[in-house]
Each structure stands twice: as structure tokens, then as C-alpha cells.
Amino acid sequence: GNLTVETEDEDGYIVLKIKDDGKPMNADFIARAKDPFKKQTDGTEPVQLGFAVSLQMIDDIKGLVQINASEGTGNEVIVHLPKDTQNEKEAVDVL
């Protein structure tokens, strides 16, 4: 498969876009991405701890994460990291 990583400078954020063309993450996995210890409703393994910890770290610095997954196009994770972590910015939880 292919993996693409792009960066952008956008409105006070550094934006990191990570895309692949592999099997899309299912909706249950995405919904439980912040809880590494719950099994998915289909009985498959829980979210990996590293993924959940990464999401928490981004959240702690008031960053934003968006996860898009669809059949035929794969997965895209878009991370907005604030340039200035000294200013409190309201982060919207998109998961």
C-alpha cells in the first residue's frame, strides 16, 4: 500500500495529514479510539495503547484530530497542532 504524509501551516496550527490506501478503520474502532481497553462491539481487539496515548497527548496541548476512513480510499488522519501552546485555545473533540 501507499502512505502519504503532508504538512501545512494553517491559522495558528501546524497541520499533519497522514493518508494510506489500505483497509479502512471501522466506525467502532474510530469511536473508541481514545479508550484502549474496551473491546470493539464486534468482539475484535481493543484500540492499540499507542494510538490512544497519542490522541490524549494531542488533546492535552489543545490540538485537534480528525479521522476519515472509507472503502476504496483508505484512511486519513488529520492532526492540528497549535503553534502557540501558551495561549489556551478551545479544542473541538471531533472523535
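Residues numbered from 1 in each chain as written. Predicted model: local features only at pLDDT ≥ 70, side-chain atom pairs only at ≥ 80, totals over all residues. Heavy atoms only, no water.

Chemist: What is the right way to read the overall build of the chain from this model?
Modeler: Helices and strands together make up the secondary structure of the chain, namely two helices and four strands. When its helices and strands are written in sequence order, the chain yields β-β-α-α-β-β. The contacts of the chain with a sequence gap of at least 6 include a subset with a gap of at least 24, amounting to 46%. Accessible surface, the chain as shown: approximately 6,300 Å² in total, 52% of it carbon and sulfur. (Helix = DSSP H or I, 4+ residues; strand = E, 2+ residues; numbered from the N terminus. Contact = heavy atoms within 4.5 Å. Areas by Shrake-Rupley, 256 points an atom, 1.4 Å probe, with all protein chains shown as cover.)

Chemist: Quick question: what am I supposed to make of the pairing of strand S2 (residues 13–20) here?
Modeler: Moving residue by residue along a regular strand, the side chains alternate between the two faces of the sheet. Two strands pair when backbone bridges link them, and strand S1 (residues 3–10) and S2 are joined in this way by eight bridges, in the antiparallel orientation. For glutamate 6, the partnering residue across the bridge sits in S2 and is lysine 17. In this structure, the hairpin formed by S1 and S2 is closed by a connection of two residues, where aspartate 11 is found at a positive phi of approximately 45 degrees. Across eight bridges, S2 lies against strand S4 (residues 74–82) in antiparallel orientation. Across the sheet, valine 15 pairs through a bridge with histidine 80, a residue of S4. (Pairing = 2+ DSSP bridges.)

As far as function goes, none of this settles anything; it's purely spatial.
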